[in-house]
Amino acid sequence: MAYYSVLDVTPTNDEWIPDYLPTANERVAAHGGKYIARTTSHEQVEGEMQEAGLRIIIEWPSKEAAQAFMADEAYAPHLAARTAGSVSHHYLIEGKDDLA
């Protein structure tokens, strides 16, 4: 079953970004992930305002693939840099409809 990473990321500094992108791109692909959206072009249409500089959606073939990406040793220093250099929230969402 597909899983989706949904992130909002607001950089507090941009020093980490040039090193982050190539490794994140490579490690996402290595774990079977595919970027669906990675954009600064977004708008909130409902609810209390949740500011974010960037919204990201990644499709994963499974929960295990997403978790393997997050635990990937090659990605770890880049994750730490992103965490230190941004305000980020990451949600892992199962691709199913519990209300159907």
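See the structure printed just above.
All values reported here derive from a predicted model rather than from experimental measurement.

Conventions used here
- Residues numbered from 1 in each chain as written.
- Predicted model: local features only at pLDDT ≥ 70, side-chain atom pairs only at ≥ 80, totals over all residues.
- Heavy atoms only, no water.
- Pairing = 2+ DSSP bridges.
- Helix = DSSP H or I, 4+ residues; strand = E, 2+ residues; numbered from the N terminus.
- Axes fitted to C-alpha atoms, helices over the stretch in contact; angles between N-to-C directions.
- Salt bridge = Lys/Arg side-chain N within 4 Å of Asp/Glu carboxyl O.
- Buried < 20%, exposed > 50% of the residue type's maximum accessible area, 1.4 Å probe, protein only.

Novice: Could you clarify how one ought to interpret the sheet that holds strand 1 (residues 3–11) in this entry?
Specialist: For sheets, the rule is that strands pair by backbone hydrogen bonds, running either parallel or antiparallel. Spatially, the 4 strands line up as an open sheet ordered 2-3-1-4, and their pairing is antiparallel. In the strand order of this sheet, the two ends are held by strand 2 (34–39) and strand 4 (86–94), each with one partner. Averaged over all neighbouring strand pairs, the angle between strand axes comes to 15 degrees, with direction disregarded. Strand direction decides the pairing type here: strand 1 and strand 4, joined by 9 bridges, are antiparallel.

Novice: Explain the pattern of salt bridges here, please?
Specialist: Side chains that differ in sign of charge can pair as their charged atoms come close. Summed over all chains, the structure comprises 5 salt bridges. Notably, a salt bridge pairs Lys96 with Glu94, separated by 3.6 Å at the nearest N-O pair. Residue Lys96 is classed as partly exposed on the basis of its relative accessible area of 46%. For Glu94, a relative accessible area of 29% puts it in the partly exposed group. Between Lys96 and Asp98 there is a salt bridge; the shortest N-O distance is 3.2 Å. The class of Asp98 is exposed, set by a relative accessible area of 60%.

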